[in-house]
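# Structural characterization, general
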Amino acid sequence: MKIAERYDIAAPIYDRTAWVLSLGGIDKLHPALVAGLDLSGKTVADLGCGTGLAFPALIDAVGPAGRVIGLDNNASILAKAEKRVVANGWGNVELVVDDIATTPLLGDVDVVFSCIAMSCVPDPSQKLAELLANLKPGTSVRIIDALPRTSGFGYPAINGYNFLKSFIVGSHYKKLEPFERVFREQLSDVVVDSVHGGMYTRLTGVKGE
Ligand SMILES: C[S@@+](CC[C@H](N)C(=O)[O-])C[C@H]1O[C@@H](n2cnc3c(N)ncnc32)[C@H](O)[C@@H]1O
């Protein structure tokens, strides 16, 4: 089954399913997306935004002068995000149906976020390299995803769980190393750390001048 078909089916139950499959980690991922970044007044893109679970954290961080662009290639999922936006009266959120791998939007944003979505794209580290190459200097990038680790407490068990989960969610369970290499080749101030006891990896960097 193609990934878009999976998310068509998952749209009505995504929020609860994400909580269960992440073993409660989804609640920690969105605060971890914005933690330590000064986002006030910035325009941020959330690539593969899904139903907009990250929006509360993003909107709070950018403040009234900032803007959030939620991008997803699945119209059913994005319809759920739209309901969330309308219900909360968020006037500074724009939703875009587009593909992470080919969107021309990113040249105009200050910060690029992607939370557990990059691994849904085929050949994700290559696509990430292309995406980073097109960012304007000074753009901050932060990605959180389930990527196999080679160290840390209980990492074989965590890798095993994430590997099995990738069949359910239809993601491409690729190694951390190529993602980290792309970050280090194209960005400065790169930090790689983990979230939710090592179940997720967070990569942060800034596009140089
Ligand atoms: C696991 S969900 C993550 C949703 C959200 N970021 C969150 O933290 O809850 C992955 C999302 O990526 C979207 N997605 C997958 N491949 C995509 C692509 N090539 N372009 C844009 N969105 C994509 C899916 O439709 C889905 O909404």
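Everything below is about the structure shown above.
Residues numbered from 1 in each chain as written. Predicted model: local features only at pLDDT ≥ 70, side-chain atom pairs only at ≥ 80, totals over all residues. Heavy atoms only, no water.

Let us look at the sheet that holds strand β7 (residues 200-207). The strands making up a sheet are joined through hydrogen bonds of the backbone, oriented either antiparallel or parallel. Taken in spatial order, the 7 strands make up an open sheet running β3-β2-β1-β4-β5-β7-β6, and their pairing is mixed. For this open sheet the edge positions go to β3 (93-97) and β6 (187-195), each flanked by a neighbour on one side alone. Strand-to-strand, the axes of this sheet are offset by a mean angle of 15°, without reference to chain direction. Bridge count for strand β4 (residues 111-115) against strand β5 (residues 140-145) is 5 bridges, and the pairing is parallel. In the strand pairing of β5, Phe 113 is matched with Arg 142. (Pairing = 2+ DSSP bridges. Helix = DSSP H or I, 4+ residues; strand = E, 2+ residues; numbered from the N terminus. Axes fitted to C-alpha atoms, helices over the stretch in contact; angles between N-to-C directions.)

What follows is about a nonpolar patch on the surface. A cluster of nonpolar side chains, Phe 163, Leu 164 and Phe 167, forms an exposed patch at the surface whose accessible area comes to about 340 Å². Counting through the fold element by element, Phe 163 comes out in helix α7 (residues 155-169). Given the relative accessible area of 40%, Phe 163 is considered partly exposed. (Patch = residues over 30% accessible without salt bridge, like charges linked within 9 Å, V, L, I, M, F, W, Y side chains within 5 Å. Areas by Shrake-Rupley, 256 points an atom, 1.4 Å probe, with all protein chains shown as cover. Salt bridge = Lys/Arg side-chain N within 4 Å of Asp/Glu carboxyl O. Buried < 20%, exposed > 50% of the residue type's maximum accessible area, 1.4 Å probe, protein only.)

To continue, consider the environment of Val 182. With respect to the helices and strands, the residue Val 182 is situated in helix α8 (residues 176-186). With 113 residues separating them along the chain, Val 182 and Ile 69 place their C-alpha atoms 24 Å apart. Not counting residues up to four positions away in its chain, the partners in contact with Val 182 are Ser 125, Leu 128, Ala 129 and Leu 132. (Contact = heavy atoms within 4.5 Å.)

Next up on the list: the site of the ligand. With respect to spatial proximity, 20 residues lie near the ligand, and among them Tyr 14, His 30, Gly 48, Asp 72 and Ile 100 are the closest. Tyr 14 places a polar side-chain atom, nitrogen or oxygen, 2.8 Å from an oxygen atom of the ligand. In the environment of the ligand, a nitrogen atom lies 2.7 Å from a nitrogen or oxygen atom belonging to the backbone of Gly 48. Relative to its unbound accessible area of 600 Å², the ligand is 96% covered by the protein chains. Looking at the shell around the ligand residue by residue, the classes come out as 12 nonpolar, 5 polar and 3 charged. (Near = heavy atom within 4 Å. Polar contact = N/O pair within 3.5 Å; in protein donor to acceptor, adjacent residues only side chain to side chain. Nonpolar A, V, L, I, M, F, W, Y, C, P; charged D, E, K, R; others polar.)

What follows is about the packing of aromatic side chains. One pass over the structure, following the stated rule, counts 3 aromatic pairs. When the ring of Tyr 7 is compared with that of Tyr 14, the centres are 6.3 Å apart and the planes differ by 45°; the resulting orientation is tilted. In this pair, the class of Tyr 7 matches that of Tyr 14, namely buried. When the centroid spacing of 5.1 Å and the interplanar angle of 85° are considered together, the rings of Phe 163 and Phe 167 count as edge-to-face. Highlighted residues: Phe 163 and Phe 167, both in helix α7, separated by 4 residues, approximately one helical turn. (Phe/Tyr/Trp six-rings, centres within 6.5 Å; stacked < 30°, edge-to-face > 60°.)

What follows covers the nonpolar core. In a soluble, globular protein the nonpolar side chains are often hidden away together inside. By size, the foremost hydrophobic cluster in this structure holds 36 residues, and its most contacted members are Leu 33, Phe 55, Leu 58, Val 68, Phe 113 and Ile 144. Among the secondary structure elements, those contributing two or more residues to this core are α1 (3-10), α2 (14-21), α3 (26-34), α4 (55-62), α5 (75-88) and β4. Look past the residues within four positions of Phe 113 in its chain and what remains in contact with it is Leu 33, Val 34, Leu 37, Leu 39, Val 44, Ala 45, Asp 46, Leu 47, Leu 58 and Arg 142. Counting 27 residues, the second-largest nonpolar core is a separate cluster that includes Ala 45, Leu 106, Ala 117 and Leu 135. (Core = buried A, V, L, I, M, F, W, Y, C linked by side-chain atoms within 4.5 Å.)

Bringing the packing of α3 against α4 into the picture now. At a closest axis distance of 8 Å, the pairing of α3 and α4 adopts a crossing angle of 25°. One element, α3, and the other, α4, form an angle in the roughly parallel class. As α3 packs across α4, the resulting crossing turns out to be right-handed. From α3, His 30, Pro 31, Leu 33 and Val 34 reach across to α4, where they touch Ala 57, Leu 58 and Ala 61. Looking at the contact of α3 with α4 residue by residue, the classes come out as 6 nonpolar, 1 polar and no charged. (Parallel < 35°, antiparallel > 145°, perpendicular 65-115°, else oblique. Left-handed = near helix turned anticlockwise from the far one by under 90°.)

Counting buried positions over the 6 residues of strand β2 (residues 67-72) gives 5, a clear majority of the element. Of the pairings in the sheet, the one linking strand β1 (residues 43-47) to β2 comprises 5 bridges and is parallel in character. Residue pairing for β2: Thr 43 is matched across the bridge by Arg 67. At this point the chain moves from β1, through α4, to the parallel β2, and the crossover so formed is right-handed. Read from β2 through α5 to β3, the crossover connection turns out right-handed. (Right-handed = clockwise from strand over helix to strand, strands pointing away.)

Note that all results are geometric; they support no functional claim without further evidence.
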